[in-house]
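These are the residues of each chain, in order.
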Amino acid sequence: MTLFYLACLLAVLPVVSMKSPIFGPQEVRRVEGSSASITCYYPDTSVNRHSRKYWCQQGAKGRCTTLISDSYISKEYEGRANITNFPESNMFVVDIGHLTEKDSGRYKCGLGIVNQGLFFEVKLEVSPGPGHRNDTEVYTAELGRTVTIDCPFKPENADKMKSVCKKTDDTCVLVIDSNGYVNPNYNNRARISTQGTNQTAFSFVINRLHLSDAGTYVCKAGDDSNGDKSNVDLEVLKPDPELLYGDLRGSVTFECDVGLEVAHLPRFLCREIKGKPCELVINTLGKIGQAFDGRILITPKEKGFFDVHITGLRKEDAGSYHCGAHSDGELEEGWPTQVWQLFVNEETTIPRSPSVVKGVIGGSVAMLCPYNLKDRDSLKYWCHWNAESGCPQVVNSMGLSNNEESKQYRGRLVLHEEPGNGTYTVILNQLTNQDAGFYWCLTTGNTHWWFTVELKIVEGEPNLKVPKNAIAWKGETFELPCHSPCKFFSYEKYWCQWSDKGCKALPSQDKGTKQPSVSCDQNSQLISLILNPVKKEDEGWYWCGVKEGLRFGETAAVYVEVKEKVKGSQDVSQVNAAPGEEVAEQRVREIENKVAQDPRDFAEEVGVVKDAGDLDVRSRASADLSSSSSVGQGGNSTVLVSTLVPLALVLALGAMAIGVVRARHRRNVDRVSIRSYRTDISMSDFENSRDFGANDNIGASPVTQETSLGRKDEFMATTEDTVETEEPKKAKRSSKEEAEIAYTAFLIQANNMVTDGQDSPSKA
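Because the structure is predicted, anything quoted here is derived from the model rather than measured.

Parameters at a glance
- Residues numbered from 1 in each chain as written.
- Predicted model: local features only at pLDDT ≥ 70, side-chain atom pairs only at ≥ 80, totals over all residues.
- Heavy atoms only, no water.
- 1 Å grid on protein atoms, 1.4 Å probe; cavity = no way out; pocket = protein on both sides within 12 Å on 5 of 7 lines; lining within 4 Å.
- Points joined across faces, edges and corners; volume = space filled by probe spheres on them.
- Helix = DSSP H or I, 4+ residues; strand = E, 2+ residues; numbered from the N terminus.
- Nonpolar A, V, L, I, M, F, W, Y, C, P; charged D, E, K, R; others polar.
- Disulfide = S-S within 2.5 Å.
- Buried < 20%, exposed > 50% of the residue type's maximum accessible area, 1.4 Å probe, protein only.
- Core = buried A, V, L, I, M, F, W, Y, C linked by side-chain atoms within 4.5 Å.
- Contact = heavy atoms within 4.5 Å.
- pLDDT = per-residue confidence, 0-100.
- Salt bridge = Lys/Arg side-chain N within 4 Å of Asp/Glu carboxyl O.
- Polar contact = N/O pair within 3.5 Å; in protein donor to acceptor, adjacent residues only side chain to side chain.
- Pairing = 2+ DSSP bridges.
- Axes fitted to C-alpha atoms, helices over the stretch in contact; angles between N-to-C directions.

1. Side note on the layout of surface pockets
Then comes step 1: Volume-wise, the second largest pocket comes out at about 1000 Å³.
Then comes step 2: Surrounding the second largest pocket, 37 residues form its lining, K238, E272, S320, H322 and V339 being those nearest its centre.
Then comes step 3: Among the secondary structure elements, those contributing two or more residues to the lining of the second largest pocket are β1 (27-31), β24 (319-325) and β25 (337-345).
Then comes step 4: At six residues, β25 tops the list of elements feeding residues into the lining of the second largest pocket.
Then comes step 5: By residue class, the composition of the lining of the second largest pocket is 17 nonpolar, eight polar and twelve charged.

Quick look at the structure:
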């Protein structure tokens, strides 16, 4: 007994505990003698594709009698019904022909070993077909279409008034007559016309049929007892809804056909809600329902066709939809529409993916887009959704698209496809407020795997830091740093060079190699791009990024500009030098080169000149102390003076050259090429500057003599009375002016020394 109750419970449990994923039409209406094709969808699984499919009729007490299945057909259906499975489309179709009124009832289409498994309930209604029924002509027409009713009359009533009325209870309400009257409910929809030349019948035409137009009409020709009358039954049939099966989080496409008659009018799609008017979803006038913002797109086609795509399906999207055309872009009663029934399967195999991503201004986002593994060879692409322009393609598997919309994404957008992974990643960096909005992930394969991602811009700072501008010099080594926070310590860091075809990763090599390389200092979280040597083709956008396995993280972009330098600082100096400076600067360059080659030799040379000068000074002093010198001694003094003067000239010239070097170094250091060899030599490395310059003697008396003795601040001087006077404040001189003044003072002093040397023998 216990086992019996358990078996009953198991038989009922699937029905009451879960929502069936089988989907089919809720109602099917036909007329006698016609046929019907009922399509039933099932979830895409291997078990469902191979399970038993069945069609059964419900009876009393919940029993469902099998009429047809994969391996069985009842006597009632023999010769007029069959069942066909389409596993590649996840559906099976039940075809029934030669319908009669007896076929009306409630049915189930389902799959499973027993008829209590997965199923969907369908109501089939078969009404009498066109023809006479109880001396009444029967007409059938679909909702929104046009019907023409023939009303016969006798020739003697040809000139009498024609009219049509509709029976309502015990009265007959006038609809139209030949005198020009039209009932307001039929205004601009009904008319009367006489057929042929025999004048034995007139036509009653109704356009844009309403459901309320169904009923019995009476045609009249004349009002007296001799007038002609005929009854007509009109049945208005709802069009069979087109079935649309979608998966939760997936997408669907409505393929609408409104006909050529209204193809020029604005098109629309609306959703039917019980007890309410059809709620607008989208139209070609730019209106979109709030619940579908960012995830719906309408695409007009030729000859009255248009497509409506909905992505990111939700449970509440299931229901009945109408697509059509009207001047207002909305559903109007009586206008032809195409009806759709949308079912959303909650037992979906479509993976979850972020529907919202957030980024900061100047930062980046990585959007993950799943796709069906069956479409691994299809083209993947990505578009920016816009309510007005639709969703123009921006990037695809081949690279950046060649259209106007893609120009604003140059250098900051790339699509990374991971073969066999079932996903591809779209990276967008250098974010701005204008980037906020909806983006679609698409493929040329299964349209059920289209996705919508919303990008929101929030407050914050980018995690990766790179220079805003970068200049690399052709032929030299260039290093570009990228700083990342410690939270990316375990992530893989990389640099890549962006192009329209993607972002090519740069190989990881040691610094100083002849190819681009990447090196990373883990302590400072610094990754550097190295180009050695820089080439002109290296100019462009470079990305620094992080990734964890196959999952891409944040990126930062910087544009590297490649420039060429001039030949060198020597050429620059010659170009910039004034004509009068060429000789002096040539001498300065000789001294610079000599110092650069061996500063010690230059110092020794100065020391030799200095020692020679000291020796000659001491000899001259001895000669002055001997007052009884002979003429030969006077001659020796003359020789001594002639030797001292040239040596003093060389010494002063060296001091002046060093001063000019120092002045030019301070003034023109910015003109020196980075490739030139530079050496700064302080004057104190050789001797106090006063020992080599004449600047301190400016304004001294002509009889003043000063001779360096090789010791700091030690000199011999004989002067007349000197009065200290306060000199007026002088304007600050440039280095060039100081050098010229020093050179002038040197000439004056040298001239004095020569004059004194020539006078000394005569005084002695």
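2. Looking at the state of the cysteines
Then comes step 1: Enumeration according to the criterion identifies ten disulfides in this entry.
Then comes step 2: A sulfur-sulfur distance of 2.3 Å marks the disulfide that ties C256 to C323. When the S-S torsion is -115°, as for the bridge of C256 with C323, the disulfide is left-handed. With a gap of 67 residues between them, C256 in strand β19 (residues 252-257) and C323 in strand β24 connect regions that are remote in the sequence.
Then comes step 3: Residue classification places C256 among the buried positions, given a relative accessible area of 1%.

3. Considering the nonpolar core
Then comes step 1: Residues M367, W382, L413, L428, L455 and W543 are the most contacted members of the largest nonpolar core, which totals 32 residues.
Then comes step 2: Put simply, the parts of the chain that give this core at least two residues each are β27 (364-370), β29 (393-396), β31 (413-417), β32 (423-429), β33 (437-443), β34 (451-458), β37 (492-499) and β42 (551-563).
Then comes step 3: Top element by residues in this core is β32. It accounts for four residues.
Then comes step 4: Residues contacting L428, with those up to four places away along its chain left out, are G363, S364, V365, Y409, R412, L413, D435, Y439 and L455.

4. Structural notes on the confidence of the model for the chain
Then comes step 1: Of all residues in the chain, 69% have pLDDT values of 70 or greater, and the mean over the chain is 76.
Then comes step 2: pLDDT under 50 marks residues 757-764. Its contacts with residues more than four places away, or in other chains, come to three contacts.

5. Considerations on the pattern of salt bridges
Then comes step 1: Scanning all chains against the criterion turns up 17 salt bridges.
Then comes step 2: E564 is the salt-bridge partner of K474, the closest N and O atoms lying 3.6 Å from each other. Taken together, the positions of K474 in the loop between β35 (470-473) and β36 (478-483) and E564 in the loop between β42 and α3 (569-576) put the pair 90 residues apart, joining distant regions of the chain.
Then comes step 3: K474 gets classed as partly exposed once you look at its relative accessible area, which sits at 41%.
Then comes step 4: Among the salt bridges present, the one from K565 reaches E476, with a minimum N-O distance of 3.7 Å. Separated by 89 residues along the polypeptide, K565 in the loop between β42 and α3 and E476 in the loop between β35 and β36 bring together distant segments of the chain.
Then comes step 5: Classification of K565 as partly exposed rests on a relative accessible area of 30%.
Then comes step 6: Shared partners join several salt bridges into a network, and the residues in it are E27, R29 and E125.

6. Considering the environment of W55
Then comes step 1: Looking at the secondary structure, you find W55 in strand β3 (residues 53-58).
Then comes step 2: Note: C-alpha distance between W55 and V94 (39 residues apart in sequence) is 7.5 Å.
Then comes step 3: Discounting chain neighbours no more than four positions away, the residues touching W55 are I38, T65, T66, L67, I68, Y77, V94, I96, Y107, K108, C109 and V122.
Then comes step 4: Here Y77 takes part through its side chain, which lies 3.4 Å from a polar atom of the side chain of W55.

7. Looking at the sheet that holds strand β23 (residues 305-310)
Then comes step 1: The three strands are arranged β19-β23-β22 in an open sheet whose pairing can be described as antiparallel. The two strands at the open ends of the sheet, each matched to only one other strand, are β19 and β22 (296-300). Averaged over all pairs of adjacent strands, the angle between strand axes in this sheet comes to 15°, irrespective of strand direction.
Then comes step 2: As judged from the six bridges shared by β19 and β23, these two strands associate in the antiparallel manner. The residue of β23 that forms the bridge with D257 is F305.

8. Let's talk about the pairing of strand β21 (residues 279-283)
Then comes step 1: Summarising burial for β21: four of the five residues are buried, a large majority.
Then comes step 2: Here four bridges tie strand β20 (residues 267-272) to β21, and the two strands are oriented antiparallel to one another. Paired with R271 across the bridge in β21 is E279.
Then comes step 3: Where β20 folds back onto β21 in an antiparallel hairpin, the turn is made up of six residues, including G275, whose phi is positive at roughly 80°.

9. Points about the sheet that holds β32
Then comes step 1: Reading across the sheet, the three strands line up as β27-β32-β31 and stay open at both edges, with antiparallel pairing between neighbours. The outermost strands of the open sheet, each flanked by one partner alone, are β27 and β31. Averaged over all neighbouring strand pairs, the angle between strand axes comes to 20°, with direction disregarded.

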